[in-house]
Amino acid sequence: MTATYQPCYFAGIHTDLRLHLPSLRRPTPTTVEKSLPKKKRLRTLVLKAKKVLEVEESEKKLSIDDYFDQATVLIESDGGDGLPRWFSPLDCCGGGSRKFDNCPLLLYLPGIDGIGLGLILQHQKLGKIFDVWCLHIPVKDRTPFEDLLLLVEQTVISENYRFPERPIYLVGESIGACLALAVAARNPTIDLVLILANPATSFAKSQLLYLLPLLEFIPSELSLIGIPYAFSLMTGEPFKTTSAGLQKELRLEEIYKGLFKQSSFFSQVVADILPRDTLMWKLRMMKSAASFVNSRLFAVKAQILLLASGRDPLLPNIEEADRIRVALPKQEIRVLKNTAVIPKCEIRKFNESGYFMFLEDGIDLVATIKGASFYRRAKIHDHVSDYLPPTDAEFDKICEPFRWISTATGPVMLSTLDDGKIVRGLVGIPTEGPVVLVGYHMLLGLELFPFVMNFLTGRDILLRGLAHPIIFVRTLEEQLDLSMFDSFRAMGAVPVSASNFYKLLASGSHVLLYPGGMREACHKKGEEYQLFWPERSEFVRMAARFGAKIIPFGVVGEDDIGELVLDSEDQMKIPYLRDLIEKGSQAVQLRTDSEGEVANQIGYLPGVVPKLPGRFYYFFRKPIDTAGMKQELKDKEKAHELYLQIKSEVEHCISYLKENREKDPYRSLASRVLYHAAHGWEAEVPTFEI
């Protein structure tokens, strides 16, 4: 019999599981906020987001044990009966209060278990930026896929009608991912963002296909013993606990206890969640869901983020993610003066993850969404107002792969006080924005990591870099794995444009600007420490409009860590490399209307031979305060004079550092290692006399 559903699908489940019916009202801006000018309102929003996300590392960290315990409670509370329904975990709601105005709705569509607790390890972080609803499908429920689709679809339509400007996120895994794709295919005009983990669209290639005929011959009295262990062997659980324990260097006793507890789970809880008849029903549903969705991929217009596990023994996820991306319809986008036709789909690969991705340690869904720039509160993503600063834990994880750069190069930071005195450290950098830091871009931007890390750890200043659109535009996905740029986006990089520069200044940010751009970062042999700036000023009058402080800076050290042996001219002589350079240069072009060298921004990967690391040196000049100069700098000649002054200051910084580093007794790596050995690795290594 086909089930019918009412417009409201919430069911309050009041148990020890701590689930409750959330308030559906959205907080509205206060009267004071409404009365603010637009630029001050933008600044207020950014500061509010930063304040919310700074709090929260002290909250209870949930584990897979909580999933086991709460799944048992939920199954016992409903007896496995009833219709599919939505619930909102208390961990996501903070007692029902929303911490963001107009936060988007997130609907979680569970995988083969159907419990709806698959995101339990993510609840606390998701609840800070989303209104989270989870779909619960009771164990004994036999609602067919088409009716589940109707349930989710009617919820989506209803919520879109209530809040038409708010995007709706569908997070689905396995069967749930098929549900999300089916809803998107049937509702192409609704603003949907799909986050799909290991979609079951590859069921025809799955090991689960061979489990279905096997289940039909297992006597029901043996299914309680055989099915949980068969399923655990196929998915690799609970043995991942052992490898995880070894990686964390836990005692053997603790690993054994964890293995025993999870083995007990699979013999008890899995038998409750997926008894034989239920598992057979879910496998048949998975088969029909895959067939239903694969025939409709051409109609999916939603924005999609595909998460693919590399160690899933059941589904060929990475291969399937590539197939889905090719099968989806393409979209035409325009970036600056360039047009490209690409899919609205991105892939993130988790090579060490298995079938139950969201229940594994180390998977951070919020960080993944932020790094891919998939978080937005309106129809169009705004790189300023939608940006969520990294938490301390996210910052540590982002920095971990790059710490060796700072360790190897021993960066020296010099700044200038208001009285002109040069000091070690960043004391001369104003903490209140807007501030524009304008300087030289070293080869491959090697200066960026120590730069950004020291500003955040030393002065609690998050730099918002104006970056090349190649970091954000998906035109080169066939050639580049764009996940390599996730850390740049997570740390606040925005596409370089006049509108984004305006918004950053309006929000009181510290903006990092390289007028030389890619031309400096991908320079040729013999061009180190040369500025390739536009002939016309591009930022002075905008900065003066907001009374921003402009800080010229220089950095040296690229010649101490590597030698450029294969530049663009060399590579253009090699046919294969020439084709790559030409494709990359055509994909996204900047400053095509400029004159001189800065218009010649060829995107290529320089061939560099590493050297034994020397040292990086940074020098920040005294801030130039443009407050009160707005009218004066409307004059193009006056603005150009200030622009040339800033350029001259940057060249002075480079010359000062190149001259004085020769007097640094700790310029070499060996001398710094010996100093650390004598004074400890946390000690600051001295440099030349200032």
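Read on for an overview of the structure. (Residues numbered from 1 in each chain as written. Predicted model: local features only at pLDDT ≥ 70, side-chain atom pairs only at ≥ 80, totals over all residues. Heavy atoms only, no water.)

### Side note on the overall build of the protein chain
Definition in use: Comment: elements are numbered from the N terminus, with helices defined as DSSP H or I runs of at least four residues and strands as E runs of at least two. Think of it in three bands: with a 1.4 Å probe and only protein chains considered, a residue is buried below 20% of the maximum accessible area for its type, exposed above 50%, and partly exposed in between. In what follows, residue pairs with any heavy atoms lying within 4.5 Å of each other are defined as contacts. Areas reported as accessible are Shrake-Rupley estimates using a 1.4 Å probe. Residue values count occlusion only from the protein chains shown.
Along its length, the protein chain carries 26 helices and 21 strands. Counting only residues that meet the buried cut, the protein chain has 56% of its 690 residues in that class. Relative to all contacts within the protein chain whose residues are 6 or more apart in sequence, the contacts with residues 24 or more apart total 82%. As displayed, the protein chain has an accessible area near 30800 Å², and 55% of this comes from carbon and sulfur atoms.

### Topic: the packing of aromatic side chains
Applicable threshold: Think of it this way: a Phe, Tyr or Trp ring, Trp meaning its six-membered ring, pairs with another when their centres are within 6.5 Å, and the plane angle makes it stacked under 30 degrees, edge-to-face over 60, tilted otherwise. Only when the NZ of Lys or the CZ of Arg is both within 6 Å of the ring centre and within 35 degrees of the ring normal is a charge said to sit over the ring.
In the structure shown here, the tally under the stated rule is 23 aromatic pairs. Ring centres of Y355 and F356 lie 4.9 Å apart, and the angle between their planes is 90 degrees; on these two criteria the pair is classed as edge-to-face. F356 carries the same exposure label as Y355, and that label is buried. Put simply, the rings of F451, F455, Y514, F553, Y618 and F620 pair up and form one aromatic cluster. R519 extends its terminal NZ or CZ atom over the ring of F532, reaching a point 4.0 Å from the ring centre.

### Thoughts on helix α25 (residues 636–660)
Residue pairs spaced three or four apart in an α-helix point in one direction, given the helix's 3.6 residues per turn. Put simply, the rule is: An expected span of 1.5 Å times one less than the residue number is assigned to each helix. For the purposes of these results, a polar contact is taken to be a pair of N or O atoms within 3.5 Å, where, inside protein, one atom must be able to donate a hydrogen and its partner to accept one; residues adjacent in sequence count only when each atom of the pair is a side-chain atom.
Its 25 residues place the ends of α25 36 Å apart at the C-alpha level, agreeing with the 36 Å of an ideal helix rising 1.5 Å per residue. Turning to α25, its buried residues are A639, L642, Y643, I646, E649, V650, C653, I654, Y656, L657 and N660. A side-chain oxygen of the first residue of α25 lies 2.8 Å from the backbone nitrogen of E637; this N-cap is D635.

### What to know about the side chain of T368
Relative to the helices and strands, T368 resides in helix α14 (residues 365–371). Taking the relative accessible area as the measure of exposure, T368 reaches 12% and is therefore buried. Of note is the side chain of T368, whose polar atom sits 2.9 Å from the backbone oxygen of D364. Not counting the four nearest positions on each side in its chain, T368 is found in contact with L305, L307, R348 and F350.

### Considerations on the environment of R459
Mapped onto the secondary structure, R459 falls in helix α17 (residues 448–459). For the pair R459 and L426, spaced 33 residues apart in sequence, the C-alpha to C-alpha distance is 7.2 Å.

### Here we look at the pairing of strand β17 (residues 549–556)
Rules: The criterion for strand pairing is that DSSP finds at least two bridges linking the strands in question.
Of all eight residues in β17, seven are buried, a share of seventy percent or more. Summarising the sheet, strand β13 (residues 435–439) and β17 pair through five bridges and their orientation is parallel. What sits directly across from V435, in β17, is K549. In the sheet, β17 pairs with strand β21 (residues 624–625) via two bridges, with the strands oriented antiparallel. Counted as the bridge partner of K549 is D625 from β21. Sheet analysis places β17 next to strand β20 (residues 617–620), joined by four bridges and oriented antiparallel. The residue of β20 that forms the bridge with V555 is Y618.

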